Amino acid sequence: VFPTFFHVFLRFSSFSHSNLTWIVEHIVFDVNARRKFSLLLYLLRRNGKISLKNKQVLVFVRTKQRAERLVESLRELGFRFEAIHKELSITKREL
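Fair warning: this is a prediction, and the values are worked out from it, not measured in the lab.

Caption draft 1: Representation of the nonpolar core. Counting residues in hydrophobic clusters, the biggest one holds 15 residues, and the most contacted among them are Leu40, Leu44, Leu52, Leu74, Phe79 and Phe81. Elements supplying a minimum of two residues to this core: helix H1 (36-45) and helix H2 (64-76). The element best represented in this core is H1, accounting for 5 residues. Setting aside residues no more than four positions away along its own chain, Leu40 makes contact with Leu52, Val59, Leu70 and Leu74.

Caption draft 2: View of the packing of H1 against H2. Running from amino to carboxyl end, H1 crosses H2 at an angle of 45 degrees, the nearest separation of the two axes being 12 Å. In terms of axis orientation, H1 runs oblique to H2. Here H1 runs over H2; the crossing is right-handed. Residues Phe37, Leu40, Leu41 and Leu44 of H1 lie in contact with H2, whose contacting residues are Leu70, Ser73 and Leu74.

Caption draft 3: Structural detail: the pattern of salt bridges. Counting across every chain of the model gives 1 salt bridge. Among the ionic pairs, Arg75 bridges to Glu82, the shortest N-O distance being 2.9 Å. Since its relative accessible area comes to 62%, Glu82 is described here as exposed.

Caption draft 4: Fine view of unusual backbone geometry. Phi at Asn54 takes a positive value of approximately 60 degrees, unusual for a residue other than glycine. Summarising the element assignment, Asn54 is placed in the loop between H1 and strand S3 (56-58).

Caption draft 5: Layout of the confidence of the model for the chain. Chain-level pLDDT for the chain is 75 on average; 65% of the residues reach the 70-or-more range. Considering each helix and strand of the chain separately, the mean pLDDT is smallest for strand S1 (residues 5-16), with a value of 53, and largest for H2, with 91. Confidence over residues 1-5 falls short of pLDDT 50; this stretch has 6 contacts with residues more than four positions distant or in other chains.

Caption draft 6: Region of interest: a positive patch on the surface. A cluster of basic residues, Lys36, Arg62, Arg66 and Arg69, forms a positive patch at the surface. Its place among the elements puts Lys36 in helix H1.

Caption draft 7: Expanded view of H2. Helix length check: H2 (13 residues) gives 18 Å between terminal C-alpha atoms against 18 Å at 1.5 Å per residue, within 8%. Looking at H2, one finds that the buried residues are Ala67, Leu70, Val71 and Leu74. Down the axis of H2, the smallest arc covering the buried residues is 100 degrees, so these residues share one side. Within H2, the exposed residues directed more than 90 degrees away from the buried face are Arg69, Glu72 and Glu76.

What counts and how
- Residues numbered from 1 in each chain as written.
- Predicted model: local features only at pLDDT ≥ 70, side-chain atom pairs only at ≥ 80, totals over all residues.
- Heavy atoms only, no water.
- Core = buried A, V, L, I, M, F, W, Y, C linked by side-chain atoms within 4.5 Å.
- Buried < 20%, exposed > 50% of the residue type's maximum accessible area, 1.4 Å probe, protein only.
- Helix = DSSP H or I, 4+ residues; strand = E, 2+ residues; numbered from the N terminus.
- Contact = heavy atoms within 4.5 Å.
- Axes fitted to C-alpha atoms, helices over the stretch in contact; angles between N-to-C directions.
- Parallel < 35°, antiparallel > 145°, perpendicular 65-115°, else oblique.
- Left-handed = near helix turned anticlockwise from the far one by under 90°.
- Salt bridge = Lys/Arg side-chain N within 4 Å of Asp/Glu carboxyl O.
- pLDDT = per-residue confidence, 0-100.
- Patch = residues over 30% accessible without salt bridge, like charges linked within 9 Å, V, L, I, M, F, W, Y side chains within 5 Å.
- Areas by Shrake-Rupley, 256 points an atom, 1.4 Å probe, with all protein chains shown as cover.
- Lys, Arg positive; Asp, Glu negative; His and termini not counted.
- Charge placed at Lys NZ, Arg CZ, Asp CG, Glu CD.
- Expected span 1.5 Å × (residues − 1).
- Arc of directions from axis to C-beta.

Quick look at the structure:
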């Protein structure tokens, strides 16, 4: 039986003050479902061309519960993450 692979779609951006535009990069990885979190941690910690270190990152998950678990796990490791989902008021989403 072959393992199920998922595309991990990462989107990160940075703001260019010189021309007042956002620079958005998209990267897709084929990764086993059990290794998605490890890949995310690797990219958040590493330096180099393909790195999410010190960048604003959007991570999409399927449910509110998964979003909250992911945020909790990343915070325990020292990362600053917030979950945004439909149950948050608009004012809390914009903070």
